[in-house]
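# Residue-level structural notes
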Amino acid sequence: MPVIELATHINAPIGKCFDLARNIDVHVASTRHTGETAIAGRTSGLIELGEWVTWRAKHFGIWQTLTSKITELEYPNHFTDEMVQGAFKNFRHEHYFFAIKEETLMKDIFRYESPYGTIFDLVILQNYMRRLLQKRNLVIKEIAEAPSPLKGEQLVI
């Protein structure tokens with residue numbers, strides 16, 4: 001089964017990074033280019049242990065739906081989401097957070113398998129998923145490192 005591992009250094013506290021990574025609205029902002037929306041289950045805010053979300057997005061020119069569930073959560077160090085229904089044979093996305101002084105190291109381990117076989121997974125899907133995850137992590141980093149809004153102002157995602 002292919003595995004994508006990413007490490008992102010963020011100049012922000014671990015709790016803030018953890019919450020941004022499990023925030024549905026931040027996820028939608030990071031995948032805006034795919035038209036991704038949360039259409040069922042937890043559709044905004046912070047997803048919690050045992051909760052699920054169904055996403056609708058266009059990938060490879062085809063509208064798809066995928067439901068994932070938070071199967072593990074240990075604030076603020078780790079959470080895991082796993083596909084329960086969708087286009088993959090299976091996927092498991094582990095999110096780890098390590099506090100390093102006032103900064104955070106965010107680590108992703110994404111294991112997946114498509115129904116199209118190992119060659120497709122390694123040659124086409126791996127690069128696509130890596131770029132998607134890197135974009136997501138960049139959005140989390142940008143929001144986490146942005147100056148805090150003044151009292152009365154809202155964070156714009």
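Since the model is a prediction, treat every value here as computed from it, not as a measurement.

### Comments concerning a nonpolar patch on the surface
Residues F60, I119, L122, V123 and I124 make up a contiguous nonpolar surface patch of roughly 500 Å² in combined accessible area. One can find I119 in helix 3 (residues 118-145).

### Examining the layout of surface pockets
In this model, the largest pocket occupies a volume close to 750 Å³. Lining the largest pocket are 38 residues, with L66, F88, F91, M129 and L132 sitting closest to its centre. Secondary structure elements with two or more residues in the lining of the largest pocket: helix 2 (24-30), strand 3 (52-59), strand 4 (62-74), strand 5 (78-85), strand 6 (90-100) and helix 3. For the lining of the largest pocket, the element with the most residues is helix 3, which contributes seven residues. Here the residues of the lining of the largest pocket are counted per class, giving 23 nonpolar, ten polar and five charged.

### Some thoughts on helix 1 (residues 14-21)
Counting buried residues along helix 1, six of its eight residues qualify, which places the element largely inside the surrounding structure. Taken as a whole, helix 1 has its buried residues at I14, G15, C17, F18, L20 and A21.

### Quick look at the sheet that holds strand 4
In a beta sheet, neighbouring strands pair by backbone hydrogen bonds and run either parallel or antiparallel. The seven strands are arranged 1-7-6-5-4-3-2 in an open sheet whose pairing can be described as antiparallel. The two strands at the open ends of the sheet, each matched to only one other strand, are strand 1 (3-10) and strand 2 (37-41). Neighbouring strand axes in the sheet, compared pairwise and without regard to direction, differ in orientation by 25 degrees on average. Two elements, strand 1 and strand 7 (residues 103-113), share eight bridges in a ladder whose sense is antiparallel. Its bridge partner being in strand 7, T8 is matched across the sheet by M106. Of the strands in this sheet, strand 1, strand 4, strand 5, strand 6 and strand 7 touch helix 1, which is tilted by about 160 degrees from strand 6. Contacting strand 1, strand 3, strand 6 and strand 7, helix 3 runs over the sheet at an angle of about 20 degrees to strand 1.

The rules behind each value
- Residues numbered from 1 in each chain as written.
- Predicted model: local features only at pLDDT ≥ 70, side-chain atom pairs only at ≥ 80, totals over all residues.
- Heavy atoms only, no water.
- Patch = residues over 30% accessible without salt bridge, like charges linked within 9 Å, V, L, I, M, F, W, Y side chains within 5 Å.
- Areas by Shrake-Rupley, 256 points an atom, 1.4 Å probe, with all protein chains shown as cover.
- Salt bridge = Lys/Arg side-chain N within 4 Å of Asp/Glu carboxyl O.
- Helix = DSSP H or I, 4+ residues; strand = E, 2+ residues; numbered from the N terminus.
- 1 Å grid on protein atoms, 1.4 Å probe; cavity = no way out; pocket = protein on both sides within 12 Å on 5 of 7 lines; lining within 4 Å.
- Points joined across faces, edges and corners; volume = space filled by probe spheres on them.
- Nonpolar A, V, L, I, M, F, W, Y, C, P; charged D, E, K, R; others polar.
- Buried < 20%, exposed > 50% of the residue type's maximum accessible area, 1.4 Å probe, protein only.
- Pairing = 2+ DSSP bridges.
- Axes fitted to C-alpha atoms, helices over the stretch in contact; angles between N-to-C directions.
- Contact = heavy atoms within 4.5 Å.

Everything listed here is a matter of coordinates, which is why it stays silent on function.
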